[in-house]
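Structural characterization, general
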Amino acid sequence: MPGLKSASIGIWIGAGGRNERPEQNGIAHFLEHMAFKGTKTRSALQIAEAIEDVGGYINAYTSRETTAYYARVLQDDVPLAMDVISDIVLNSVFDPKEVEMERGVILSEIGQALDTPDDVIFDWLQEVSYPDQPIGRTILGPAERVRSFTRADLKQFVAEHYQPSKMILAAAGAVDHDALVARAEQLFGDLADHPTAVVVPALYRGGEHREVKDLEQAHFTMALETSGYRSDDIYTGQVFSVALGGGMSSRLFQEVREKRGLCYSIYAQIGAYADTGTLTIYSGTSGQDIADLAHICVDELRRVAVDIADSEVSRARTQMKAGMLMGLESPTARCERLARMVAIWGRVPTLDEIVGKIDAVSSQDVADYGHKLCAAGKPSMALYGPVSAAPSLEALAAQLTA
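Right, let's walk through the structure included here. (Residues numbered from 1 in each chain as written. Predicted model: local features only at pLDDT ≥ 70, side-chain atom pairs only at ≥ 80, totals over all residues. Heavy atoms only, no water.)

A few words now on the overall build of the protein. For the protein, the helix and strand inventory stands at 16 helices and nine strands. A globule of 402 residues ought to have a C-alpha radius of gyration of about 21 Å, and the protein, at 22 Å, matches this closely. Along the first, second and third principal axes, the C-alpha atoms of the protein reach 65 × 50 × 40 Å. Taken across its 402 residues, the protein has 50% of its residues classed as buried. Long-range contacts, defined here as pairs at least 24 residues apart, represent 82% of the contacts in the protein between residues at least 6 apart. For the protein, the accessible surface area stands at approximately 18,100 Å², while carbon and sulfur atoms represent 52% of it. If the 37 positive side-chain charges of the protein are averaged to one point and the 55 negative ones to another, these points end up 2 Å apart. (Helix = DSSP H or I, 4+ residues; strand = E, 2+ residues; numbered from the N terminus. Rg over C-alpha atoms; globule rule 2.2 N^0.38 Å. Buried < 20%, exposed > 50% of the residue type's maximum accessible area, 1.4 Å probe, protein only. Contact = heavy atoms within 4.5 Å. Areas by Shrake-Rupley, 256 points an atom, 1.4 Å probe, with all protein chains shown as cover. Lys, Arg positive; Asp, Glu negative; His and termini not counted. Charge placed at Lys NZ, Arg CZ, Asp CG, Glu CD.)

With that settled, the discussion passes to empty space enclosed by the protein. Per the counting criterion, the structure on display carries one cavity of 30 Å³ or more. As a volume, the largest cavity reaches approximately 40 Å³. Lining the largest cavity we find Val242, Ala243, Ser249, Ser250, Arg251, Glu312, Arg315 and Gln319. At the level of secondary structure, the elements contributing two or more residues to the lining of the largest cavity comprise helix H9 (234-245) and helix H12 (310-327). Broken down by element, the residue count for the lining of the largest cavity peaks at three residues, all from H12. (1 Å grid on protein atoms, 1.4 Å probe; cavity = no way out; pocket = protein on both sides within 12 Å on 5 of 7 lines; lining within 4 Å. Points joined across faces, edges and corners; volume = space filled by probe spheres on them.)

Moving on, we come to the pattern of salt bridges. One pass over the structure, following the stated rule, counts 21 salt bridges. Residues Glu98 and Lys37 are paired through a salt bridge, measuring 3.9 Å at the closest nitrogen-oxygen approach. Note that Glu98 is positioned in helix H4 (residues 96-114) and Lys37 in the loop between helix H1 (27-34) and helix H2 (44-52), a separation of 61 residues in sequence. Under the relative-accessibility criterion, Glu98 is labelled partly exposed at 24%. Under the relative-accessibility criterion, Lys37 is labelled partly exposed at 22%. (Salt bridge = Lys/Arg side-chain N within 4 Å of Asp/Glu carboxyl O.)

Keep in mind these numbers describe shape, not what the thing actually does.
Right, here's the structure in full:
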C-alpha cells in the first residue's frame, strides 16, 4: 500500500469452534489465549515487550472457522513481527502454571459474556439454529469444559490442526513480498501436512430459546437460513440485509425506531460460513413493546420481498461498496481481507471484480431473495429479559408465510 510507513501481518489458521469435538468445545479459544503466555525462547512479558518496544500491537481472535494471530508495526519492524507471530504459533510451551492462570481469565470472560445480554443472546440463537452440532456451540465453550482442559489437550489440538495446508500468511502496508515469502519458507518450511478430521456439515434446523429475566430491556433476535459465502447469491443477500436493516435509512430503522420509537438500536446482518449462513435481526425494546417489535420486524422482512424500490437497492449497493473501500484503507483490514479471500476462493479477487458483483444485484434479485427467505418459513429466535409477551416462534413462522 504505497505511502504507508506501517504494515499489518498475521497468520490465519483454518481451525476454530466448528473444528472441535464435543469434549473440546472452547479449546480453540483457550489455545489462542495460551499462545501469548510463553514460547521456548520468550516469556509472556517478552512477547508483549518485543512488539510494544517498537510501538506496535499484537492481538488474536477465534471464530467458528478460523483462529488468527496478527500484529501491526512500522515498516522496519515487519521481520520482528513475523518472527514473534511464528514463535507464538509454532513454539508455545503451554506451561501448566500459565494454563491455570489463563483458565481463570477465560472463566471470567465467560462470566462477562453471560452478563452481557446482547452477547449471550447470539450464542443462544446459534445453538437453536444448529442444535447438537459443532457450528452451533459457543466459541468460548462451557465453563465446565474450560475447567477441564490440560496442557496435553492444547498440544493435541495444535497437532491436529496447525499445519501448513490450513495456514495463510497475509500482510498489507509497507511490506516486501519477496522478503516475506523467503522468511516464511525459513520459519514454516519444515512443517508437514497430515490428514485431519472432516468438518461436520452444518444442518440448520430452527428453534427458540426464551429466557425471562428482570432486565431493563427485552432483547430480541431472529434468524433465517441463507447460503454460505461461496454461493452465487451472497452479494444479493448482503444487499438485502443492508436495505432491511443496515443503516439509519433502512426499513427496520425507519419503521421501528423513527416512526414508532420502539427501540434505540435495531439492525440486520448476514453471517456466512463455508456451507451455510443466516440473516439475523436484532433489537432491544421494553417488555410491553416486544410483541409489536417482533411482528413489525417480520412484516418489514416480508415487505422488502414485495415492494423494494430501485432507489433502496441502489443505496444499499453504494453503502456496501463505500464501507468496503473505506475499510480497506486500513492495512489491518486489507490484511484480513487477503486472508479471508484466499481461504474462501484460493485467490484474491480484485476490488473491481467485487464491486462489479455488487453492482450486478438488481431489485428483482433482492425481491426474489426475500421471497425465498420468507417462503422457507423456518426462523430461529432467541429472547432475553422481560419477554413473556413475545410471540411464539410458530406465530412468527406463520406470519412469514402468510
